[in-house]
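Chain residues, written in single-letter form:
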Amino acid sequence: MKFKYAVTYARLNPGLKMDDVKPAFEEHIKEAKKVGLKVPFWGSPWGTTEGLMIVYEFDDMSKYEEFMEGDRKNPFHSGRTHLVMEW
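First, a word on what this report is: a plain description of the structure on this page.

What counts and what doesn't
Residues numbered from 1 in each chain as written. Predicted model: local features only at pLDDT ≥ 70, side-chain atom pairs only at ≥ 80, totals over all residues. Heavy atoms only, no water. Phe/Tyr/Trp six-rings, centres within 6.5 Å; stacked < 30°, edge-to-face > 60°. Helix = DSSP H or I, 4+ residues; strand = E, 2+ residues; numbered from the N terminus. Buried < 20%, exposed > 50% of the residue type's maximum accessible area, 1.4 Å probe, protein only. Core = buried A, V, L, I, M, F, W, Y, C linked by side-chain atoms within 4.5 Å. Contact = heavy atoms within 4.5 Å. Polar contact = N/O pair within 3.5 Å; in protein donor to acceptor, adjacent residues only side chain to side chain.

1. Thoughts on the packing of aromatic side chains
- Under the definition given, this model contains 5 aromatic pairs.
- Look at Phe25 and Trp42: their rings are 4.2 Å apart centre to centre, the planes differ by 10 degrees, and that puts the pair in the stacked class. Of the two residues, Phe25 sits in helix α1 (residues 18-34) while Trp42 sits in strand β2 (residues 38-43), which places them 17 residues apart along the sequence.
- With 5.6 Å between their ring centres and 25 degrees between their planes, Phe58 and Tyr64 make a pair best called stacked. Grouping residues by exposure puts Phe58 and Tyr64 together as buried.
- By the ring-pair criterion, three or more aromatic residues cluster together here, those being Tyr56, Phe58, Tyr64 and Phe67.

See below:
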């Protein structure tokens, strides 16, 4: 077993205009790809207090950790993450 996905629920950054959301996430995804992460999905979840959900896929948990510890501007804040294992 190993971790395969990280599912993050978060809030959009205050002041981020709706027209800027897609370009901000395109940049975020581009940065994720640089460390070997895939982002198969991002969008608005139903039934949560957060207005955003982003799924990261990886073959090595250290890539996800490296990305999250990196110095970059995220288009979201106050995230909580569920890790999904591959059996």
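2. Re the nonpolar core
- Formed by 16 residues in total, the largest nonpolar core has its most connected members in Phe25, Leu37, Val39, Tyr56, Tyr64, Phe67 and Phe76.
- Going through the elements one at a time, β1 (2-12), α1, β3 (52-57) and α2 (61-69) are the ones with two or more residues in this core.
- When residues in this core are grouped by element, the largest group, 4 residues, is from α1.
- In this structure, Tyr64 is in contact with Ala6, Thr8, Leu37, Tyr56, Phe58, Thr81 and Leu83, ignoring residues within four places of it in sequence.

3. Focus on the environment of Arg11
- By secondary structure assignment, the location of Arg11 is in strand β1.
- The contacts of Arg11, once residues within four sequence positions are left out, are Thr49, Pro75, Phe76 and His77.
- Among the polar contacts listed, one links the side chain of Arg11 to the backbone oxygen of Thr49, at a separation of 3.4 Å.

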